[in-house]
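Commentary on secondary and tertiary structure
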Amino acid sequence: MKSGILLSLLIFLPLVTPICPVPCKCTTNITDCSSKGLTVENLPVAFRPSAEIIHLGSNRLTSIPNGLFDNLRSLQVVYLQGNPWECTCDILYLRSWLQWQQNRSLYRDVRCSSPAHLEGRIIAYLTEDEIVSTCQHWYCSLALLSQVSLFILLFLQGVLVIFIIVYLQKFRKMTAEAWSTTRELDQQVDPWPSSSINPYNDD
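Residues numbered from 1 in each chain as written. Predicted model: local features only at pLDDT ≥ 70, side-chain atom pairs only at ≥ 80, totals over all residues. Heavy atoms only, no water.

**Notes on the overall build of the protein chain**
The number of helices and strands found in the protein chain is three helices and six strands. Secondary structure elements in the protein chain, listed N-terminal to C-terminal, are α-β-β-β-β-β-α-β-α. Looking at the protein chain as a whole, 23% of its 203 residues are labelled buried. Within the protein chain, contacts between residues at least 6 apart in sequence are counted, and of these 45% link residues at least 24 apart. With an accessible surface of roughly 15300 Å², the protein chain has 61% of that area assigned to carbon and sulfur atoms. (Helix = DSSP H or I, 4+ residues; strand = E, 2+ residues; numbered from the N terminus. Buried < 20%, exposed > 50% of the residue type's maximum accessible area, 1.4 Å probe, protein only. Contact = heavy atoms within 4.5 Å. Areas by Shrake-Rupley, 256 points an atom, 1.4 Å probe, with all protein chains shown as cover.)

Quick look at the structure:
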């Protein structure tokens, strides 16, 4: 009986024990994903719930996906140094998570690499207005680009309308001249009479 229960546990154990995310290395409480060339696109979408320490240093991360650390109840520290963090809208989740950490001194090396006016700033100490201002700048740039594109489109449409109007006027003028020429030719040609008088007829 006991052997049967043990066998069942061995069968279902892989189903209830999360595997180590690729390409990381894992022990019971540590997940090491450092120096793996990770970007936001190929960052693991989840980590083992038992993880207490996660190493993400020396990668190519520019931000952290929303909610990535939220369900890790045992998590104590995440090593994030050595990444080119972009302090734009996408950094808001990481900043919020860092501000909830009790010991922010562990994250003094987690600094902005861009934009230029925030370069070198500690992410945990950024204000929301500083980050939102970069978002607004991006949206303003996009809005300006849209307006310029719309202006160019309207200009091209105006040029096309003017071209069509000029073409129609020329076509109308050419048509009128053709009709006038046709009438003049009709007037110059005498119609052949259906009956004529013979001048040499004595009767």
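**Details of the state of the cysteines**
Enumeration over the complete set of coordinates arrives at three disulfides. At a sulfur-sulfur separation of 1.8 Å, the disulfide partner of C24 is C33. Every disulfide takes its handedness from the sign of the S-S torsion; for C24 and C33 that torsion is 105°, giving right-handed. Grouping residues by exposure puts C24 and C33 together as buried. Two residues, C87 and C112, share a disulfide whose sulfurs are 1.9 Å apart. Since a negative S-S torsion denotes a left-handed disulfide, the C87-C112 link at about -95° is left-handed. Linking C87 in the loop between β5 (85-86) and α2 (92-99) with C112 in strand β6 (residues 112-114), this pair joins segments that are 25 residues apart in sequence. (Disulfide = S-S within 2.5 Å.)

**Here we look at a nonpolar patch on the surface**
A cluster of nonpolar residues, L160, F163, I164, Y167, L168 and F171, forms a patch on the protein surface that exposes about 660 Å² of accessible area. Locating L168 in the fold gives a position in helix α3 (residues 128-188). (Patch = residues over 30% accessible without salt bridge, like charges linked within 9 Å, V, L, I, M, F, W, Y side chains within 5 Å. Salt bridge = Lys/Arg side-chain N within 4 Å of Asp/Glu carboxyl O.)

**Thoughts on the layout of surface pockets**
Size it by volume and the largest pocket reaches roughly 200 Å³. Lining the largest pocket are F69, D70, L72, R73, L75, Q76, V77, Y93, S96, W97, W100 and Q101. Considering only residue class, the lining of the largest pocket consists of seven nonpolar, three polar and two charged. (1 Å grid on protein atoms, 1.4 Å probe; cavity = no way out; pocket = protein on both sides within 12 Å on 5 of 7 lines; lining within 4 Å. Points joined across faces, edges and corners; volume = space filled by probe spheres on them. Nonpolar A, V, L, I, M, F, W, Y, C, P; charged D, E, K, R; others polar.)

**Regarding the pattern of salt bridges**
According to the stated counting rule, one finds one salt bridge in the structure shown. Among the salt bridges present, the one from E130 reaches R121, with a minimum N-O distance of 2.9 Å. Under the relative-accessibility criterion, E130 is labelled partly exposed at 22%. Among the residues examined, R121 registers a relative accessible area of 30% and is labelled partly exposed.

**Here's the deal with unusual backbone geometry**
Along the chain, V22 connects to P23 via a cis peptide bond; the corresponding omega equals 5°. A cis amide bond links S114 with the next residue in sequence, P115, at an omega value of 0°. For S35, which is not glycine, the phi torsion reads 55° and is therefore positive. By secondary structure assignment, the location of S35 is in the loop between β2 (30-32) and β3 (53-55). If you check the backbone angles, S58 has positive phi at about 55° while not being a glycine. Along the chain, the position of S58 falls in the loop between β3 and β4 (77-79). Classification of S58 by relative accessible area gives partly exposed; the value is 45%.

**Side note on the sheet that holds β2**
As summarised here, the arrangement of the four strands in space is β1-β2-β3-β4, forming an open sheet in which the pairing is mixed. The strands lining the two open edges of the sheet, one partner per strand, are β1 (25-26) and β4. In this sheet, β2 lies alongside β1 in antiparallel orientation, the contact comprising two bridges. Bridging from a neighbouring strand, K25 pairs with D32 of β2. (Pairing = 2+ DSSP bridges.)

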